[in-house]
Amino acid sequence: MPYHQVAPPPSLSGLLSVERMGTFERLARQQSATALELYVLDVELSSAFMADLALAEVILRNAMNDQLSAYFGARWYRLDHLFDKRSRAAIKRAWRDGKCADDAPPGKLIAQLTLGFWVNLLDSGGRADQPPHDRKCSYDNLLWRPCLRLAFPHGTGKRSDQHTLAKRVHTLRNRVAHHEPVIGGIPIPGTRRRRTLPDAHHDILTLMGTIDPGLADWMHRHSRVPALLAATSEPAQGLP
């Protein structure tokens, strides 16, 4: 049976830090479940979210890489003039960490690039060189209009909309990957608000829908997240 459907062993509470349990203690006071029961439900939710995020990350990466490769060639990542300092640094780091050689197939590097790298390619772009001769890289002109917009044929067509959506998914992914609590909602960077868990899951499906609506529908029908959310109360899911 899933963790959240059986009573956790009493010893578990002694193996978890007071700081980690603080979120669950606060939420437990708002509902009938104990902090420990909420903790194991949180583990289940994170696992279910990660299954969807694993699909989303690879699909987003491949959709964007396909369009970049079609327009600039398979080794587009070697065209330094296309990228700002942050993106170039990420490419160099991936090259080093992946121990890539000049004759390595492009896929070896592509697999090393983090979700954050791909999300950053959807923003407006940053500075390219060191001052005083630095310049602004316009990702709208360099990447979005020439090719990246084609990776999202069912989106709004606006780079800023696609970036906002992808960034939300990236925030959720990082929280789950770093074993931070998801019960209570997902903090929205730069604000005091939280994204509710139903909304966070909807973000994943919406992002996939901009690439392939059929895929998003399949994920919606088979994801474990909705059933687990049905087992939580509104405070546990997070309030705006």
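Located above this text is the structure these notes cover.
Moving on, we get to the pattern of salt bridges. Taken as a whole and judged by the stated rule, the model has 8 salt bridges. Note that R159 is salt-bridged to D140, the shortest N-O span being 3.1 Å. Residue R159 is located in helix α8 (residues 159-177), and its partner D140 is located in helix α7 (residues 139-144); the two are separated by 19 residues in the primary sequence. The salt bridge partner of R195 is D203, with a shortest N-O separation of 2.9 Å. Take D203: its relative accessible area is 4%, and that puts it in the buried class. Overlapping salt bridges, with partners in common, bring together D84, R86 and D123 in one network.

The N-to-C vectors of helix α9 (residues 197-211) and helix α10 (residues 213-222) enclose an angle of 150°; their axes lie 6 Å apart at closest approach. By the angle between their directions, the pair α9 and α10 is classed as roughly antiparallel. Where α9 approaches α10, its residues I204, L205, M208, G209 and I211 are matched on the opposing element by P213, L215, A216, M219 and H220. Residue classes in the contact of α9 with α10 are distributed as 8 nonpolar, 2 polar and no charged.

Time to look at the packing of aromatic side chains. Counted by the stated rule, this structure contains 8 aromatic pairs. Relative to F117, the ring of W76 lies with its centre 6.4 Å away and its plane at 20°, an arrangement referred to as stacked. One end of the pair, W76, is in the loop between α3 (35-72) and α4 (85-97); the other, F117, is in helix α6 (residues 115-120), and 41 residues separate them in sequence. Accessibility expressed as a relative area gives 3% for F117, which makes it buried. Centre to centre, the rings of W144 and F152 are 6.1 Å apart; their planes meet at 20°, and the pair counts as stacked. Like F152, W144 is buried. In textbook terms, an aromatic cluster arises when at least three aromatic residues are bridged by ring pairs, as seen for W76, Y77, F83, F117 and W118.

Okay, helix α2 (residues 18-28) next. Residues spaced three or four apart along an α-helix point in a common direction, a consequence of the helix completing one turn every 3.6 residues. M21, G22, F24, L27 and A28 are the residues of α2 that are buried. The inward-facing, buried residues of α2 contact α3 and α12 (234-237).

All right, on to the side chain of R175 then. Structurally, R175 is set in helix α8. Despite its burial, R175 pairs with no opposite charge, the nearest such side chain being E180 at 4.4 Å. Polar contacts involving the side chain of R175 include one to the main-chain carbonyl oxygen of P181, which spans 2.6 Å. The contacts of R175, once residues within four sequence positions are left out, are E180, P181, G185, I186, P187 and R194.

In terms of nonpolar packing, the biggest core is built from 68 residues, with L45, F49, M64, W76, W118, L121 and L148 touching the most fellow members. In terms of residues, this core owes the most to one element, α3, which gives 15 residues. Apart from residues lying up to four places away in sequence, F49 is in contact with L172, V176, L197, A200, H201, I204 and V225.

Thresholds applied
- Residues numbered from 1 in each chain as written.
- Predicted model: local features only at pLDDT ≥ 70, side-chain atom pairs only at ≥ 80, totals over all residues.
- Heavy atoms only, no water.
- Salt bridge = Lys/Arg side-chain N within 4 Å of Asp/Glu carboxyl O.
- Helix = DSSP H or I, 4+ residues; strand = E, 2+ residues; numbered from the N terminus.
- Buried < 20%, exposed > 50% of the residue type's maximum accessible area, 1.4 Å probe, protein only.
- Axes fitted to C-alpha atoms, helices over the stretch in contact; angles between N-to-C directions.
- Parallel < 35°, antiparallel > 145°, perpendicular 65-115°, else oblique.
- Contact = heavy atoms within 4.5 Å.
- Nonpolar A, V, L, I, M, F, W, Y, C, P; charged D, E, K, R; others polar.
- Phe/Tyr/Trp six-rings, centres within 6.5 Å; stacked < 30°, edge-to-face > 60°.
- Lys, Arg positive; Asp, Glu negative; His and termini not counted.
- Polar contact = N/O pair within 3.5 Å; in protein donor to acceptor, adjacent residues only side chain to side chain.
- Core = buried A, V, L, I, M, F, W, Y, C linked by side-chain atoms within 4.5 Å.

Geometric values such as these leave the question of function open.
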